[in-house]
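Coordinate analysis (summary)
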Amino acid sequence: NAKLTIADAGNTSSVTRKNKVNVYPNPASYIINIEYLMEQDGTFSAELMNLTGVVVESMSVADSKAGLNKAAINVKDLPNGA
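Anyway, here's the lowdown on the structure attached to this text.

Rules used in this analysis
- Residues numbered from 1 in each chain as written.
- Predicted model: local features only at pLDDT ≥ 70, side-chain atom pairs only at ≥ 80, totals over all residues.
- Heavy atoms only, no water.
- Salt bridge = Lys/Arg side-chain N within 4 Å of Asp/Glu carboxyl O.
- Helix = DSSP H or I, 4+ residues; strand = E, 2+ residues; numbered from the N terminus.
- Polar contact = N/O pair within 3.5 Å; in protein donor to acceptor, adjacent residues only side chain to side chain.
- Contact = heavy atoms within 4.5 Å.
- Core = buried A, V, L, I, M, F, W, Y, C linked by side-chain atoms within 4.5 Å.
- Buried < 20%, exposed > 50% of the residue type's maximum accessible area, 1.4 Å probe, protein only.

What follows covers the pattern of salt bridges. Two side chains carrying opposite charge are able to pair once their charged atoms lie near each other. If you walk through the whole model with that rule in mind, you get one salt bridge. Across the pair Lys70 and Glu35 runs a salt bridge whose closest N-O atoms are separated by 3.9 Å. Placement of the pair is Lys70 in strand β6 (residues 67-74) and Glu35 in strand β3 (residues 31-38), with a sequence separation of 35 residues.

Below you can see the structure in the form of C-alpha cells.
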C-alpha cells in the first residue's frame, strides 16, 4: 500500500490533467514501472510513500521529453507493505 505523488516543476499549482501516469505491477516485489505522458519537455518526479505519508523512495528524471516516457523505482530493499 503506497501512494505515488507526482509534481510538475513547470506548473506550481498541480500536474495538468493532460499528463497521464501508469504504474505497474501492483503489488511489486522488485521494480515499479512508471509510464508517463508529458505535455511538454521538463522534469518528472515521483515519490513513493508508506501509509503514514513517509517518503520511502523517490526518483526524478530531469530530461523528460514531451510524449510518452518510462522510468522505474527499485523497491527490492523495501519491506513488504512499505
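Still to come is the rest of the account.
Here we take up the side chain of Asn69. With respect to the element layout, Asn69 can be found in strand β6. Within the structure, the side chain of Asn69 is placed 2.8 Å from the backbone oxygen of Lys65, a separation counted as a polar contact. Among all residues touching Asn69, those that are not within four sequence positions of it are Ile34, Glu35, Tyr36, Met38 and Ser64.

A word on the nonpolar core. Listed in full, the 12 residues of the largest apolar core are Ile32, Ile34, Tyr36, Met38, Phe44, Ala46, Leu48, Met59, Val61, Ala71, Ile73 and Val75. If you list the elements that add at least two residues to this core, you get β3, β4 (42-49), β5 (55-64) and β6.

Nothing here speaks to function; it is all geometry.
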